[in-house]
Amino acid sequence: EAQVTQNPRYLITVTGKKLTVTCSQNMNHEYMSWYRQDPGLGLRQIYYSMNVEVTDKGDVPEGYKVSRKEKRNFPLILESPSPNQTSLYFCASSPRPGLAGQETQYFGPGTRLLVL
Amino acid sequence: SQQGEEDPQALSIQEGENATMNCSYKTSINNLQWYRQNSGRGLVHLILIRSNEREKHSGRLRVTLDTSKKSSSLLITASRAADTASYFCATGSWGKLQFGAGTQVVVTP
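All of the points below concern the structure found in this document.

Parameters at a glance
- Residues numbered from 1 in each chain as written.
- Chains lettered and ligands numbered in written order.
- Predicted model: local features only at pLDDT ≥ 70, side-chain atom pairs only at ≥ 80, totals over all residues.
- Heavy atoms only, no water.
- Disulfide = S-S within 2.5 Å.
- Helix = DSSP H or I, 4+ residues; strand = E, 2+ residues; numbered from the N terminus.
- Buried < 20%, exposed > 50% of the residue type's maximum accessible area, 1.4 Å probe, protein only.
- Contact = heavy atoms within 4.5 Å.
- Buried area = accessible area lost by both parts, 1.4 Å probe.
- Polar contact = N/O pair within 3.5 Å; in protein donor to acceptor, adjacent residues only side chain to side chain.
- Nonpolar A, V, L, I, M, F, W, Y, C, P; charged D, E, K, R; others polar.
- Pairing = 2+ DSSP bridges.

1. A word on the state of the cysteines
Item 1. Evaluated as defined, the whole model comprises 2 disulfides over all chains.
Item 2. At a sulfur-sulfur separation of 1.8 Å, the disulfide partner of Cys-23 of chain A is Cys-91 of chain A. Sign of the S-S torsion, about -75° for the bond between Cys-23 of chain A and Cys-91 of chain A, identifies this disulfide as left-handed. Of the two residues, Cys-23 of chain A sits in strand β3 (residues 19-25) while Cys-91 of chain A sits in strand β9 (residues 87-94), which places them 68 residues apart along the sequence. As far as burial versus exposure is concerned, Cys-23 of chain A and Cys-91 of chain A are alike and both buried.
Item 3. Between the sulfur atoms of Cys-23 of chain B and its disulfide mate Cys-89 of chain B the distance is 2.0 Å. Looking along the S-S bond of the Cys-23 of chain B-Cys-89 of chain B disulfide, the torsion reads about 70°, which is the right-handed sense. One end of the pair, Cys-23 of chain B, is in strand β3 (residues 19-25); the other, Cys-89 of chain B, is in strand β9 (residues 85-93), and 66 residues separate them in sequence.

Right under this line is the structure:
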């Protein structure tokens, strides 16, 4: 089944303890992206990757790191989490944005993060 | 800052009625997409309309785009309880995508 998977789905951690949220897609998509969703603010893009070894900042990159060493994986790293990073995080992928007919994004199920 | 903003923020209708929501955006676009999100779950793509299109249909969905007013509307006809969800518009290009805050739709039997 074609899908985007995220792990973990739920995470409670404490301020300053490094964590990684994994994202994997099995659709051979070139593009992957991370978003956070907060009440009343919709989704905001954190980082995105147009292809392997190519990453760019979205609208809210501060406090996050990403890497794209292989096509299928795009982990989100919080080096020193803070309470304001408590949020619902979504990973998404698409074949190739900017190319007509391939802009649709496929979303993972989300990761709920609570930073105490 | 958010590119798209949906209106209304919330909408409550009865089964069989139509639901209309609007999206306004700020800068020129190549295309505009609509997504649906069921409570706390991942977003699901509904429809994409390109800047040179004025109207598009997909099943019970009808999307319009007015680039002169920088706005789009999503119409769900003959709504069902299963249409209860939040609806988001999204604009952007070359990987950078911006979503509005969404319209929460509740369809009661």
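Here the narrative resumes.
2. Observations concerning the interface of chain B and chain A
Frequently, the measure chosen for interface size is the accessible area that the parts lose on association.
Item 1. Across the contact, 22 residues belong to chain B and 26 residues belong to chain A.
Item 2. Together, the buried faces of chain B and chain A total about 1800 Å²; carbon and sulfur atoms form 52% of this surface.
Item 3. Considering only the surface of chain B that becomes buried against chain A, Trp-94, Gly-95 and Lys-96 of chain B emerge as the three largest contributors, covering 27% of it.
Item 4. Our enumeration of links across chain B and chain A arrives at 8 residue pairs in polar contact (both at pLDDT 80 or more).
Item 5. Put simply, the parts of the chain that give the side of chain B that touches chain A at least two residues each are β4 (31-37), β5 (43-50) and β10 (96-99) of chain B.
Item 6. Split into classes, the residues belonging to the side of chain B that touches chain A amount to 8 nonpolar, 11 polar and 3 charged.

3. Thoughts on the pairing of β9 of chain B
All names here are of chain B.
Item 1. Most of β9 sits inside the fold, with 7 of its 9 residues counted as buried.
Item 2. Taken together, the 6 bridges between β4 and β9 define a ladder with antiparallel strand orientation. Residue pairing in the sheet places Gln-33 in a bridge with Ala-90 of β9.
Item 3. Pairing of β9 with strand β11 (residues 103-108), which is carried by 3 bridges, proceeds in the antiparallel orientation.

Note that every value here comes from positions in space, so none of it alone points to a role or purpose.
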